[in-house]
Amino acid sequence: MDNVVWTGTWVAKRLGVELVGDEKLGDLLGLALRRNPRRAHLLVSNVLGKHVPQSPSVVYGYGFALGRRVRELLGTEDARAAVVLGYAETATGLGHCVADGVGLAPYLHSTRRPVPGITPAGGFEESHSHATSHLLLPQDPRLLAGDGPLVLVDDEFSTGNTVLNTIRDLHARHPRERYVIVALVDMRSAADLGRLEDFAREIGARVDLVVAASGTVKLPEGVLEKGQALVAEYESADRDTAGPAPGRVPAPGEASLPGRAPAPGQVLGPGSVPASADVSAPGRAPRHRTHPAATRVELGWPRGVPDGGRHGFTPGHRVRLDGALPAMAARIAEALPAGARRVLVLGFEELMYAPLRLARELEQVVAAEVRYSTTTRSPVLALDDPGYAIRTRLVFPAHDHPDDGPGERYAYNVAGAGFDAVVAVVDSAADTPELHAPGGLLARLADHTPSVLLAVVPSYVPARPSTERPSMLPEPLRGPAFSSYAPDEVGWLLRDLSDVTLEAPTEEREEAIQSGGAHYAESLPVEYQPSDQYQELFRAALDTSAARIAQAVGAVTELVLAERSRSPLGPDTSTPRPVLVSLARAGTPVGVLMRRWAQYRHGIDLPHYAVSIVRGRGIDPNALRWLAAHHDPADVVFVDGWTGKGAITRELAQAIEEFEAAEGITGFDPEIAVLADPGSCVRTYGTREDFLIPSACLNSTVSGLISRTVLRSDLVGEHDFHGAKFYRELAGSDVSVEFLDAVAAHFPDVAEAACTQGKELLTADRTPTWEGWAAVERISEEYEIHDVNLVKPGVGETTRVLLRRVPWKILARAGAGADLDHVRLLAEQRGVPVEEVAELPYTCVGLIHPKYTRGATGADGRAVAL
């Protein structure tokens, strides 16, 4: 320790408290006074990362080392079968580090945040605590139902009441033969030392104890009353301290750097977003505006990885987190102010592990001294004395809408510690107006550091149990009864409307749609019958691009398997189980190809379904209900062919948000995996090039002979899936399987390149820029269309305009080659001018005829100039 004065001296002298035991106890612990009527003193850990800022490597190292000792104690086989349980809020991070040290053990911690619809697997009271009720809310009830060793982790083992009560409760439900109790310090009194052995005999199980140090606290008579009197005496001096008194000795874990006055104005690191900006993607609900004194850092948290162990955290989750940490730490490092010498990463109550891992990774990549601590519910007297463990405190209101109501929260030893920047890490449930309000945490931090960064980790909430409604829904339609795909390739969550006449002439549909008299999903265009010349172009395009498509398929599938797989808590923890859900119909051939790649490269059979999404109407809610009833929503990966301006990306995000709010079924991730993302609208893609995907050249005859989807109230009832038609009569022109086979034939040729590309994408900055949306808005105004829905960017969308709508003109990038041969042919057949443009972010853009009427363009649908 750097401090000459032990940080328990002040309390020891005034209360007569003695700390006796191992020599290193004084290094591990200090003392403070609780503002709590149940217990006078607080043992303040210097290595836990709760009240005292400490090096994140030191904090992680203590927990990991305890986990390694547990692994040695249990042996490899029992360690593999173990489950680790930590205690909220103080030991959530410690328990997680112990689980890392044990190795293959899943982790769960108790919580004080209930989740509606999730039945607790246990609970207990912590009588001496300021907040007594603990809940155990594992997503998978099997987690606590096994018979392998249970490892229980707390920061200190004092009376043992909390841990023993937990074991007694769980043992009555699911008896097991072995328990291991882990703590940083064993501080039991002489009277409590024999209780552990007696308890083990009582339940008929072995109970071991693993600690970093042992000792005891000797308390004189009347210590509670003396402590309360001292708290009352010094309460008036216990302010939100702006900094240390002149000449003070830094608190444990602090460097002896002078405090600094906040620099005038906002400090923005390179690449950071101005604090006042709302960078939500277009169409998504805006998040709370960032406090003007803070800079928001977009972490890029890996999809599907829980923010902590509140509902269970598997070894597979840890592997994915480990892979994502370097990129997340790099984003934080980039946003730090230039020349920062001392940085604090500040976690949030139960959210201790995620900020600890971020801080430890940051410590490896920046020259600054990095420290880590978290906010807390625990009320402690702050006193600026070198012999006292809690030198300063910041007080702010709770900002996560806690179940027990509003109240004060605290950050200790932050004020006056000389931090050039504080990185506040909270979960999204705590990213509320209270966090950003005057007097909120961000404002209080800004009073004491020149730079405040905010990093938000997505809150993980398990899906609620499904309602009875999905049982009324039919099973998916499959080929050959519905579609020309093999039955195992895809299940269609659609209603068969093959016997209903839905087609209308293109010109009539366009006029009705643009006049507001009908929605495009209420009818179908007449299916385009390709000429011999056009079919030859399709096959030539397929020959040219099949290998490029195969590589993009492999890359995006590898990315999905790396980022969106989930290792279950059951006996098989190695097999990833994403559920592919393609957006019918353009996404369906891509979903089938991704499924084939997973089979070819990894021997995995991924479930694959196709569902309907309709612009302006959202995704089929009955399809989501069916998926939630048969799969974990967190496993669902939505798949589409390509992005244009990102309309479907935004539509899906909004629809999922509305569905979860209405149904209480949560866990669906609205991120779409696409083959090509020329519009830079998504994070998961095989390529961002705008090139010809031959499946865009045709309609149903390359999509299993399925029409686009239909949503009309007289055909689709409350409990029906959206509808579609199976064009059996077009079987002679069907090239659906030919397209799939041609691409899959190139899998062996591109396997190495695709896997390399997938790994590169995994570590790359894939943050959507939405440049496609900006280009569409610019084109809409430049060509005086004034409606972005009539601007269709990219080769795929332009082809759809020519096949299904009334086109006005085609914009083609100057010099575009064979990728546009089919576009030029279709444009020639329909009398549509093709205009070459020197600078175009897409290979081509299709413009639908604005303000269309049949009288303006002719009944044959051939476009004319305005």
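Small disclaimer: the values here were computed from a predicted structure and weren't measured. (Residues numbered from 1 in each chain as written. Predicted model: local features only at pLDDT ≥ 70, side-chain atom pairs only at ≥ 80, totals over all residues. Heavy atoms only, no water.)

Engineer: Explanation requested: the environment of Thr843 in the structure shown.
Structural biologist: Following the sequence through the fold, Thr843 ends up in the loop between strand E31 (834-837) and strand E32 (844-848). The class for Thr843 is buried, based on a relative accessible area of 5%. Non-local contacts of Thr843, meaning those with residues more than four positions away in its chain, are made with Asp690, Val795, Leu811, Ala812, Arg813, Ala816 and Leu820. (Helix = DSSP H or I, 4+ residues; strand = E, 2+ residues; numbered from the N terminus. Buried < 20%, exposed > 50% of the residue type's maximum accessible area, 1.4 Å probe, protein only. Contact = heavy atoms within 4.5 Å.)

Engineer: Got a minute to help me understand a negative patch on the surface in this structure?
Structural biologist: On the surface, Glu77, Asp78, Asp147 and Glu177 cluster together into a negatively charged patch. Topologically, Glu77 is positioned in helix H4 (residues 76-81). (Patch = residues over 30% accessible without salt bridge, like charges linked within 9 Å, V, L, I, M, F, W, Y side chains within 5 Å. Areas by Shrake-Rupley, 256 points an atom, 1.4 Å probe, with all protein chains shown as cover. Salt bridge = Lys/Arg side-chain N within 4 Å of Asp/Glu carboxyl O. Lys, Arg positive; Asp, Glu negative; His and termini not counted. Charge placed at Lys NZ, Arg CZ, Asp CG, Glu CD.)

Engineer: Could you clarify how one ought to interpret the pairing of strand E13 (residues 369-375) in this entry?
Structural biologist: In the case of a regular strand, side chains alternate between the two sheet surfaces. For E13, the buried fraction is high: six of the seven residues fall into the buried class. As defined by bridge partners, strand E12 (residues 342-348) adjoins E13 across seven bridges and the pair is classed as parallel. Within E13, the position partnered with Arg342 by the bridge is Glu369. You can see the chain leave E12, run along helix H10 (residues 353-365) and come back into E13, and the turn it takes is right-handed. (Pairing = 2+ DSSP bridges. Right-handed = clockwise from strand over helix to strand, strands pointing away.)

Engineer: Honestly, the sheet that holds E12 in this entry has me stumped. Any pointers?
Structural biologist: Picture the strands of a sheet paired through backbone hydrogen bonds; they go either parallel or antiparallel. Read across the open sheet, the five strands follow the order E11-E17-E16-E12-E13; overall the sheet is parallel. On the outer flanks of this sheet lie strand E11 (294-297) and E13, each paired with one strand and no other. Neighbour-to-neighbour, the strand axes of this sheet turn through a mean angle of 25°, independent of strand direction. Sitting on the sheet, H10 is in contact with E12, E13 and strand E16 (421-427), with an inclination near 175° to E13. (Axes fitted to C-alpha atoms, helices over the stretch in contact; angles between N-to-C directions.)

Engineer: Could you clarify how one ought to interpret the nonpolar core in this entry?
Structural biologist: Across soluble globular proteins, nonpolar side chains show a tendency to be buried alongside one another. By size, the foremost hydrophobic cluster in this structure holds 111 residues, and its most contacted members are Leu33, Val84, Val151, Val182, Tyr388 and Leu445. With sequence-adjacent residues up to four places away left out, Val182 is seen in contact with Leu66, Val70, Val98, Val151, Leu152, Val153, Asp154 and Val210. In this structure, Ala586, Cys697, Val735 and Val823 belong to the second largest nonpolar core, which totals 77 residues. (Core = buried A, V, L, I, M, F, W, Y, C linked by side-chain atoms within 4.5 Å.)

Engineer: Help me understand the packing of helix H16 (residues 621-630) against helix H17 (residues 647-663), please; the structure alone is not making it clear to me.
Structural biologist: Between two packed helices, the angle of one axis relative to the other and the distance separating the axes together describe the packing. For the pair H16 and H17, the least separation of the axes is 11 Å and the interaxial angle reads 65°. With respect to H17, the element H16 is oriented roughly perpendicular. At the point where H16 passes H17, the crossing takes the right-handed sense. Contact residues: H16 offers Pro621, Leu624 and Arg625, while H17 offers Ile656, Phe659 and Glu663. (Parallel < 35°, antiparallel > 145°, perpendicular 65-115°, else oblique. Left-handed = near helix turned anticlockwise from the far one by under 90°.)

Engineer: Quick question: what am I supposed to make of the sheet that holds strand E29 (residues 791-793) here?
Structural biologist: Strand order in this open sheet of four strands is E29-E32-E30-E31, and the pairing throughout is mixed. For this open sheet the edge positions go to E29 and E31, each flanked by a neighbour on one side alone. Strand-to-strand twist of the sheet, defined as the mean angle between neighbouring strand axes without regard to direction, takes the value 20°. Direction of pairing for E29 relative to E32: antiparallel, over a ladder of three bridges.

Engineer: Please clarify how the pattern of salt bridges should be interpreted in this entry.
Structural biologist: Side-chain pairs of opposite charge can arise whenever the charged atoms involved come near each other. Taken as a whole, this structure holds 37 salt bridges when the rule is applied. Here Glu349 and Arg409 are joined by a salt bridge, their closest N and O atoms 2.9 Å apart. Of the two residues, Glu349 is situated in the loop between E12 and H10 and Arg409 in strand E15 (residues 408-412); the sequence distance between them amounts to 60 residues. Judged by relative accessible area, Arg409 falls into the buried class, the value being 5%. Connected through salt bridges with shared partners, the residues Asp100, Arg318, Asp322 and Arg357 form a single ionic network.

Engineer: Help me out: how do you make sense of the confidence of the model for the protein in this one?
Structural biologist: Should the pLDDT be low somewhere, the predicted coordinates at that spot are not to be read in detail. Chain-level statistics for the protein give a pLDDT mean of 82 and a share of 83% at 70 or above. Segment residues 126-132: pLDDT under 50, and 24 contacts once partners within four positions in sequence are set aside and those in other chains are kept. Across residues 853-866 the pLDDT falls below 50, and counting only partners more than four positions away or on other chains, this stretch makes 31 contacts in the model. (pLDDT = per-residue confidence, 0-100.)

Engineer: Is there a simple way to think about the pairing of strand E3 (residues 41-45) in this case?
Structural biologist: Among the five residues that make up E3, five are buried, leaving the element largely enclosed by the rest of the structure. Residues His41, Leu43 and Ser45 of E3 are buried on one face, and the alternating residues Leu42 and Val44, pointing to the opposite face, are buried as well. Bridge count between strand E2 (residues 29-33) and E3: five bridges; the pairing is antiparallel. Note on E3: the bridge partner recorded for Leu31 is Leu43.

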